[in-house]
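Spelled out from the first residue to the last, the chains are:
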Amino acid sequence: MDRFADNTSMELVDRTCQACSGRMEYKGSGVYVCEECGNEFVTDFGKVKRYLEENGPSNAVVLSRETGVSRRTISDFLKSGRIEVVENSETYNFCLRCGVAIRSGTLCAACAKKQATESKKSGSYNVLADDSQQQKGEMRFVNSEKK
């Protein structure tokens, strides 16, 4: 079976239509449509997005029940920033570093900026060596010496 990972949810999607074996074309927001028969396939992300667009903000329990998408997957969409908690909600995610309430992702804006700055200083984020070193296909860390 010819399958590929959907970029919106990393869900495996068939490249061929289950109804007629035609080619599935990505239409956006987790929706694939067969070029031959028009059969539609919607990924988990597409189901959640469509539900929110049609029904407005909802909590994870209702989203899961109405779309059939697991609460864990919905939580992953929140952590990755694909969906967010509405403003003035009673429920929030919390920053993993400082604990402040956030609407999506895993870090607040201040901690994300601080982490990026720290990563650049330590050289642990940038794995490419500077242009003065000859590249031999090895992974190197900036500001670290080879022993």
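Above this note sits the structure.
This section reports on the structure supplied with the text. (Residues numbered from 1 in each chain as written. Predicted model: local features only at pLDDT ≥ 70, side-chain atom pairs only at ≥ 80, totals over all residues. Heavy atoms only, no water.)

A separate point is the packing of aromatic side chains. Scanning the model with the defined rule gives 2 aromatic pairs in all. Relative to Y32, the ring of Y26 has its centre 5.0 Å away and its plane inclined at 55°; by these criteria the two rings are tilted. By relative accessible area, Y32 is classed as buried at 3%. With centroids separated by 5.4 Å and ring planes inclined at 80°, the aromatic side chains of F45 and F77 adopt a geometry described as edge-to-face. Taken together, the positions of F45 in helix α1 (residues 44-55) and F77 in helix α3 (residues 71-79) put the pair 32 residues apart, joining distant regions of the chain. Take F45: its relative accessible area is 6%, and that puts it in the buried class. The aromatic ring of F45 is capped on one face by R82, whose charged end is 3.9 Å from the ring centroid. (Phe/Tyr/Trp six-rings, centres within 6.5 Å; stacked < 30°, edge-to-face > 60°. Buried < 20%, exposed > 50% of the residue type's maximum accessible area, 1.4 Å probe, protein only. Helix = DSSP H or I, 4+ residues; strand = E, 2+ residues; numbered from the N terminus. Lys NZ or Arg CZ within 6 Å of the ring centre and 35° of its normal.)

Paired through their backbone hydrogen bonds, the strands of a sheet run either parallel or antiparallel. Overall, antiparallel pairing links the 3 strands, which are arranged β3-β4-β5 in an open sheet. In this open sheet, the two strands that pair with only one neighbour each are β3 (24-28) and β5 (40-42). Put simply, the sheet's adjacent strands are angled 30° from each other on average, direction ignored. Alignment of strand β4 (residues 31-34) against β5, held across 3 bridges, turns out to be antiparallel. (Pairing = 2+ DSSP bridges. Axes fitted to C-alpha atoms, helices over the stretch in contact; angles between N-to-C directions.)

On to the layout of surface pockets, then. As a volume, the largest pocket reaches approximately 460 Å³. The wall of the largest pocket is formed by 20 residues, among which S58, N59, A60, L78 and V85 lie closest to the centre. Secondary structure elements with two or more residues in the lining of the largest pocket: α2 (60-67) and α3. Taken together, the residues that form the lining of the largest pocket break down as 11 nonpolar, 7 polar and 2 charged. (1 Å grid on protein atoms, 1.4 Å probe; cavity = no way out; pocket = protein on both sides within 12 Å on 5 of 7 lines; lining within 4 Å. Points joined across faces, edges and corners; volume = space filled by probe spheres on them. Nonpolar A, V, L, I, M, F, W, Y, C, P; charged D, E, K, R; others polar.)

All right, on to the pairing of β3 then. Strand direction decides the pairing type here: β3 and β4, joined by 4 bridges, are antiparallel. Each bridged residue has a counterpart across the sheet, and for G28 the counterpart in β4 is V31. Hairpin connection from β3 to β4: 2 residues lie between these consecutive antiparallel strands, with S29 at a positive phi of about 55°.

Another point: the side chain of T67. As for its placement among the helices and strands, T67 is situated in helix α2. There is a polar contact of 2.5 Å between the side chain of T67 and the backbone oxygen of L63. Of note is the side chain of T67, whose polar atom sits 3.2 Å from the backbone nitrogen of V69. In this structure T67 touches K47, V48 and Y51, once residues within four positions along its chain are discounted. (Polar contact = N/O pair within 3.5 Å; in protein donor to acceptor, adjacent residues only side chain to side chain. Contact = heavy atoms within 4.5 Å.)

Purely geometric stuff here, so don't read any function into it on its own.
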